[in-house]
Amino acid sequence: MRNVIIIGSGCAGNTAAIYTARANLKPLVVSGHEAGGQLSLTTLVENFPGFPEGINGPDLVENMKKQAQSFGAEYVHGAVLDTNLSRRPFRIDIEGEWVETRTLIIASGASARWLGLAGEQKLIGHGVSSCATCDGFFYRDKKIMVVGGGDSAMEEANFLTRFGRSVTLVHRREEFRASKIMLDRARHNPKIRFLTNTVVEEIHDVSKHLVSAVRLRNLNTGESWEEEVDGFFVAIGHIPNTKIFNGQIATDPDGYILSQGGARTNIPGVFHAGDVQDRVYRQAITASGAGCMAAIEAERFLEAEGD
Ligand SMILES: Cc1cc2nc3c(=O)[nH]c(=O)nc-3n(C[C@H](O)[C@H](O)[C@H](O)COP(=O)(O)OP(=O)(O)OC[C@H]3O[C@@H](n4cnc5c(N)ncnc54)[C@H](O)[C@@H]3O)c2cc1C
């Protein structure tokens, strides 16, 4: 029987592990198939406080893990496949082995949707991004392309005009899912050029480890052409990793956990941390802060039970 199991080893899970380990709760962290979470996909992180020169994403999360381990946190490879949260202790299926726990911290993140193009994954952190707040700064006076048709694509495109020489917004349809106000704001921004009914077919240049150009195709005319691009932002949404809870945890229609205040979910003893609940900020520092909140709540929950 565990005091606390933490699902996920990104910023939220690792920070929750540091706090619960220092509270002597000997947490078990299930790393998941993306050990280190989304930061393990990227290169330089310049906005996490405490690193004036910046720090590589994989180093940052590895440091957090080492810090948690130094206080007694235990990490297991693999993923949680199933959960039974109908009564306590909660039961968690880790790669086929059921483990019981008194509290659970869900820090399973929300994965960015990608286009699935050849080379796209290899170029993440080298010109391909899913986060304008994180990476816009790297593209001062550069040619930027944003793909998507929803509010977040409009928001990212508008934000990126602060940096880029030009921002081209590529959308596969004529109509946009974005709200009128967001769309109007983008349309009135003189730095944004719209390319509708258009898809991206290729990203270059994997062999040089940077983005240099993309091949586009107009779906109406069939015309295909290449354009030079330095920064390529994919803004087609995120998928919160909440399927394993089979509807036991209250979520919004997109699958993001609904907070009951603080780090509380609808189930007492189950807490949320990080991007799995956050569709607004999605930053390493906010995920870490949320991990801290979940850990303190779990600790107090156990203490109130007379632990
Ligand atoms: C390319 C890129 C660059 C970024 N750059 C920055 C930046 O410069 N600055 C910044 O502040 N933010 C940046 N971000 C955003 C930042 O990475 C996220 O906000 C942050 O990682 C969220 O942390 P998290 O712990 O909530 O989730 P994640 O980092 O997504 O971690 C989720 C964890 O849950 C695990 N998991 C999922 N399902 C299961 C399961 N069934 N069982 C067990 N484990 C599971 C995964 O394996 C993973 O370890 C970037 C994101 C991306 C994609």
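We now turn to the structure provided with this report. Fair warning: this is a prediction, and the values are worked out from it, not measured in the lab. (Residues numbered from 1 in each chain as written. Predicted model: local features only at pLDDT ≥ 70, side-chain atom pairs only at ≥ 80, totals over all residues. Heavy atoms only, no water.)

1. Concerning the sheet that holds strand E15 (residues 213–218)
Strands belonging to one sheet form pairs held by backbone hydrogen bonds; the direction of such a pair is parallel or antiparallel. Cut-off, in case you're wondering: One requirement defines pairing of two strands: DSSP has to find at least two bridges between them. Only DSSP runs of H or I covering at least 4 residues are called helices, and only runs of E covering at least 2 are called strands; the numbering of each starts at the N terminus. Orientation is described by lines fitted to C-alpha atoms, with helices fitted over the stretch in contact, and by angles between N-to-C directions that extend from 0 to 180 degrees.
Spatial ordering of the open sheet is given by E14-E15-E16, a layout of 3 strands whose pairing is antiparallel. Strand pairing shows two members of the sheet lacking a second neighbour, strand E14 (198–204) and strand E16 (224–228), which therefore form its edges. Adjacent strand axes in the sheet meet at a mean angle of 30 degrees, parallel and antiparallel pairs treated alike. Bridge count between E15 and E16: 5 bridges; the pairing is antiparallel. Counted as the bridge partner of Arg-217 is Ser-224 from E16.

2. Focus on the state of the cysteines
Just so we agree on the cut-off: Defined by distance alone, a disulfide is two cysteine sulfur atoms within 2.5 Å. Each residue gets one of three labels from its accessible area relative to the maximum for its type: buried under 20%, exposed over 50%, partly exposed in between, using a 1.4 Å probe on protein chains only.
All chains considered together, the criterion is met by 1 disulfide. Sulfur-sulfur distance for the disulfide between Cys-131 and Cys-134 comes to 2.0 Å. Taking the sign of the S-S torsion, 70 degrees for the link of Cys-131 and Cys-134, the bridge is right-handed. Look at Cys-131 and you get buried, because its relative accessible area is 15%. Cys-11 takes part in no disulfide bond, and the closest cysteine sulfur to it belongs to Cys-134, at a distance of 10 Å. Between Cys-292, a free cysteine, and Cys-11, which holds the nearest cysteine sulfur, the sulfur-to-sulfur gap is 13 Å.

3. Some thoughts on the pattern of salt bridges
Worth spelling out the cut-off: Salt bridge, as used here: a side-chain nitrogen of Lys or Arg that lies within 4 Å of a carboxyl oxygen of Asp or Glu.
Tallying each qualifying case throughout the model produces 12 salt bridges. The partner of Arg-102 in a salt bridge is Glu-305, and the shortest N-O contact between them spans 3.6 Å. Of this pair, Arg-102 sits in strand E8 (residues 97–106) while Glu-305 sits in the segment after helix H6 (284–304), placing them 203 residues apart in sequence. For Glu-305, a relative accessible area of 40% gives the class partly exposed. Residue Asp-254 is joined to Arg-279 by a salt bridge in which the shortest nitrogen-to-oxygen separation is 2.7 Å.

4. Focus on empty space enclosed by the protein
Stated precisely, the cut-off is as follows: Of the two site types, the cavity is a set of points on a 1 Å grid over the protein atoms alone where a 1.4 Å probe fits but cannot get out, and the pocket is an open set with protein on both sides within 12 Å along at least five of seven lines, each lined by residues with an atom within 4 Å of a point. Grid points are joined across faces, edges and corners, and a volume is the space filled by probe spheres set on the points. Lys, Arg, Asp and Glu make up the charged group, whereas Ala, Val, Leu, Ile, Met, Phe, Trp, Tyr, Cys and Pro make up the nonpolar group; the residues left over, Gly among them, are polar.
Following the criterion strictly, the structure yields 1 cavity of 30 Å³ or more and no others. In this structure, the largest cavity encloses a volume near 30 Å³. Considering the residues around the largest cavity, the lining is formed by Asn-84, Arg-87, Pro-89 and Arg-91. Split into classes, the residues belonging to the lining of the largest cavity amount to 1 nonpolar, 1 polar and 2 charged.

5. Digging into the pairing of E15
Looking at chain direction, E14 and E15 are connected through 6 bridges and run antiparallel. Within E15, the position partnered with Ile-203 by the bridge is Val-214. The loop that links E15 with its antiparallel partner E16 comprises 5 residues; one of these, Gly-222, has a positive phi angle of about 80 degrees.

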